[in-house]
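Okay, here's what each chain looks like letter by letter:
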Amino acid sequence: MVNFEYLVPTKIVFGKETEKEAGRLIKEFGGHKALIHWGGDYVRDTGLLARVEEGLAAEGIEYVEMDGVVPNPRLSLVKQGVELCKKEGVDFILAIGGGSAIDSSKAIAYGLANDFDLEDLFLGKVSTTKIAKIGAISTLAGTGSETSNSTVINIDTMGEKMLKRSYNHECARPLFAIMNPELTYSLPPFQTAAPGADIMMHTMERYFTTEQHVELSDELAEGLMRTVKTFVPEALANPKSYPARANLLLAGAKSHDGLTGLGRVGDFACHAIEHEIGAMFDVAHGAGLTAIWSSWAKYVIDVDPERFAQFAVNVWGVQNNFHDAKETGLRGIDAWDEWCHSINLPTSLHELGIDPTDEQIHEMAQGAVDARGGDHAGAFMELHVEDIENLLKNAR
Ligand SMILES: NC(=O)c1ccc[n+]([C@@H]2O[C@H](COP(=O)([O-])OP(=O)(O)OC[C@H]3O[C@@H](n4cnc5c(N)ncnc54)[C@H](O)[C@@H]3O)[C@@H](O)[C@H]2O)c1
């Protein structure tokens, strides 16, 4: 087990009607004037915004509002948000939404607390430990951005080409996360399935490790993955199933707050590659991940077939062929593909609806490596540009 530090200070306020607590929580954390930030008509149409506004007003918290966040959130909007906050004297950012709205809010909070160009932060040219206060109201079970240290932004301010980049620092964990499973009832099927796969992937990226004897982390990870495996189809079949929505929402937060990766080194090659796909083709993050995972898995399985066999048996209920770990592992990869198809998610680039040229594949492979700041992406197996090109071609 490798050394680690683990602190998730985000106060989780979980359950029915908890969005009404936003004003109280902002006050508790010392906010006086908030920016409420979101994207999507559902926030107003479902009455959620009105309930939040009421809660803030009841606590004497002033607020301004800015919507317009799109999936794969844009830096240009973030910059408008920073200007608005400076002009209005905002000292607290309240995100409402999924990963895109929460990340857009985190980026605004970085902009508010620092003087550098935000491009430089996301391109890795500067770093910071300073961020303005943020809280989140989750409306989507997926990224876990409501408790994570990560901020993922699409840089659309540097000419034609968009870059998708992240900045990770502990300061970005929101002060509070309001998680009412009922707020996720309005999610369309695709926005239940794709982020559900992202929950799986956040743990799979940590589970595939070369570190031995991380049994407790394995048990936590496998339990979380079995839960998500069960409840995504359940939520699709019955969108107002409170147990399904509640388990998924909690799983989203726990999958990406570091818990399932304790004591081991995460891989995250698929995330690096998907960010390139997302930047070039503007696809949904979770679907971009499912489109490439089995190609990645088949490319790296020989590093440790036993780990893939364990995944197959303990998560997917595949019968163990004790004589052939790789054969068992491959059946686990097939089981993952079947699960993705059963919830209408792609397992190839073709099914994702994109057909990148060889040049585009090279560009994405180079970008995935560059974003990691070295000559490779991944840790389970270090993937160089040529490896990523190969696995992307295999994913066609
Ligand atoms: N910061 C992190 O830790 C982290 C981790 C993984 C991914 N990400 C990033 O987060 C983004 C993806 O976020 P996401 O998967 O949560 O999706 P999202 O936030 O992009 O939302 C997807 C769509 O669902 C809509 N929506 C959200 N909640 C809804 C509801 N309750 N009812 C109806 N519609 C609703 C949104 O308006 C949007 O159109 C990507 O940019 C991804 O790279 C961030």
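Counting restarts for each chain, with residues numbered from 1 along the sequence as it is written. Confidence filtering applies because this is a predicted model: local features only for residues at pLDDT of at least 70, side-chain atom pairs given and counted only at 80 or more, and all residues used for totals across whole chains, interfaces and linings. As a rule here, side-chain values come from all non-hydrogen atoms in the structure, and water together with hydrogens is ignored.

Focus on the environment of N72
Put simply, the rule reads: Strands are runs of DSSP state E lasting at least two residues, helices are runs of H or I lasting at least four, and both sets are numbered from the N terminus onward. Note on exposure labels: buried denotes an accessible area under 20% of the residue type's maximum, exposed denotes more than 50%, and partly exposed covers the range between, all computed with a 1.4 Å probe on protein chains only. Should any heavy atoms of two residues lie within 4.5 Å, those residues are considered in contact. Polar contacts here mean pairs of N or O atoms no more than 3.5 Å apart (in protein, one a potential hydrogen donor and the other a potential acceptor; neighbouring residues in sequence count only if both atoms are side-chain atoms).
Relative to the helices and strands, N72 resides in the loop between strand 3 (62-66) and helix 4 (75-88). For N72, a relative accessible area of 6% puts it in the buried group. Sequence separation between N72 and I277 is 205 residues, and the spatial gap between their C-alpha atoms is 11 Å. Setting aside residues up to four positions removed in sequence, N72 forms contacts with S100, N154, K164, G278, D282 and V283. One polar contact links N72 to D282, side chain to side chain, over a distance of 2.7 Å.

Brief notes about the domain arrangement of the protein
Quick note on the threshold: In this entry, domain limits derive from an automatic or database-based domain assignment. Once two parts are brought into contact, the accessible area they lose, counted with a 1.4 Å probe and summed over both, makes up the buried area. Every case where a carboxyl oxygen of Asp or Glu lies within 4 Å of a side-chain nitrogen of Lys or Arg is listed as a salt bridge.
Annotation of the protein at the domain level lists domain 1 (11-183) and domain 2 (187-394). Taking only C-alpha atoms into account, the centre of domain 1 sits 26 Å from that of domain 2. Taken residue by residue, the interface counts 29 residues in domain 1 and 28 residues in domain 2. Roughly 2200 Å² is buried in total at the junction of domain 1 and domain 2, and carbon and sulfur atoms are behind 60% of that figure. Counting the contacts that link domain 1 with domain 2 gives four salt bridges. Note that K161 is salt-bridged to E363, the shortest N-O span being 3.6 Å. The tally of links between domain 1 and domain 2 comes to seven residue pairs in polar contact (both at pLDDT 80 or more). Those elements that place two or more of their residues in the side of domain 1 that touches domain 2 are strand 6 (150-155) and strand 7 (163-168).

Description of the UniProt feature "domain: Alcohol dehydrogenase iron-type/glycerol dehydrogenase GldA" (unreviewed entry) in the protein
Filter applied, for reference: UniProt positions are given in the numbering used here, feature names are shortened, and annotations may be inferred rather than shown by experiment.
According to UniProt, the positions carrying the feature "domain: Alcohol dehydrogenase iron-type/glycerol dehydrogenase GldA" (unreviewed entry) are residues 9-181. Across residues 9-181, helical content stands at 32% and strand content at 24%; the span's end C-alpha atoms are separated by 21 Å.

Describing helix 7 (residues 189-207)
The periodicity of an α-helix, 3.6 residues per turn, causes residues three or four places apart in sequence to face the same way. Short version of the rule: One less than the residue count of a helix, multiplied by 1.5 Å, gives the span that helix is expected to have.
Compared with the 27 Å implied by 1.5 Å per residue over 19 residues, the 27 Å span of helix 7 between its first and last C-alpha is a close match. In terms of burial, helix 7 is largely enclosed, as 16 of its 19 residues are buried.

Focus: a nonpolar patch on the surface
Formally: Like-charged residues within 9 Å of one another, or nonpolar side chains (Val, Leu, Ile, Met, Phe, Trp, Tyr) within 5 Å, are grouped into patches, provided each residue has over 30% relative accessible area and no salt bridge. Only the protein chains shown count as cover for residues, with accessible areas throughout obtained via the Shrake-Rupley method and a probe of 1.4 Å.
On the surface, M1, F4 and Y6 cluster together into a nonpolar patch covering about 310 Å² of accessible area. Positionally, F4 belongs in the segment before strand 1 (11-14). On the basis of relative accessibility, which here comes to 44%, the residue F4 falls in the partly exposed class.

Focus: the UniProt feature "domain: Fe-containing alcohol dehydrogenase-like C-terminal" (unreviewed entry) in the protein
Per the UniProt annotation, the sites labelled "domain: Fe-containing alcohol dehydrogenase-like C-terminal" (unreviewed entry) are residues 192-395. Structurally, residues 192-395 is divided into 69% helix and 0% strand, and its ends, taken at the C-alpha atoms, are 24 Å apart.

Focus on the sheet that holds strand 8 (residues 176-179)
Put simply, the test is: Here a strand pair is declared whenever DSSP counts at least two bridges between the two strands. Here an angle of 0 to 180 degrees is reported between the N-to-C directions of two axes, which are lines fitted to C-alpha atoms, with helices fitted over the stretch in contact.
Taken together, the six strands give an open sheet; going across it, the order is 1-8-5-4-2-3, and neighbouring strands pair in parallel fashion. Every other strand in the sheet has two partners, leaving strand 1 and strand 3 as the edge strands with one partner each. Here the strands of the sheet are splayed against their neighbours by 20° on average, with no regard to which way each runs. The pairing of strand 2 (residues 33-37) with strand 4 (residues 92-97) spans four bridges and is classified as parallel. The partner of L35 across the bridge, within strand 4, is I93. Lying over the sheet, helix 4 contacts strand 2, strand 3 and strand 4, oriented at roughly 155° with respect to strand 3.

Some words on the site of the ligand
Counted only if it meets this: By convention in these notes, a residue is near a molecule or strand provided one of its non-hydrogen atoms lies within 4 Å of it. Throughout, the ten residues Ala, Val, Leu, Ile, Met, Phe, Trp, Tyr, Cys and Pro are labelled nonpolar, Asp, Glu, Lys and Arg are labelled charged, and all others, Gly among them, are labelled polar.
As a matter of local geometry, the ligand sits amid 28 residues, with G99, S100, D103, S148 and S186 nearest to it. Within the contact set of the ligand, a nitrogen atom lies 3.2 Å away from a side-chain nitrogen or oxygen of Y42. Contact between the ligand and S148: an oxygen atom at 2.6 Å from a side-chain N or O atom of the residue. Protein contact buries 90% of the 870 Å² of open area that the ligand shows by itself. For the shell around the ligand, the elements supplying multiple residues, two or more each, are helix 5 (99-113), strand 6 and helix 7. Among the elements that line the shell around the ligand, the one with the most residues is helix 7, at four residues. Here the shell around the ligand is composed, by residue class, of nine nonpolar, 16 polar and three charged.

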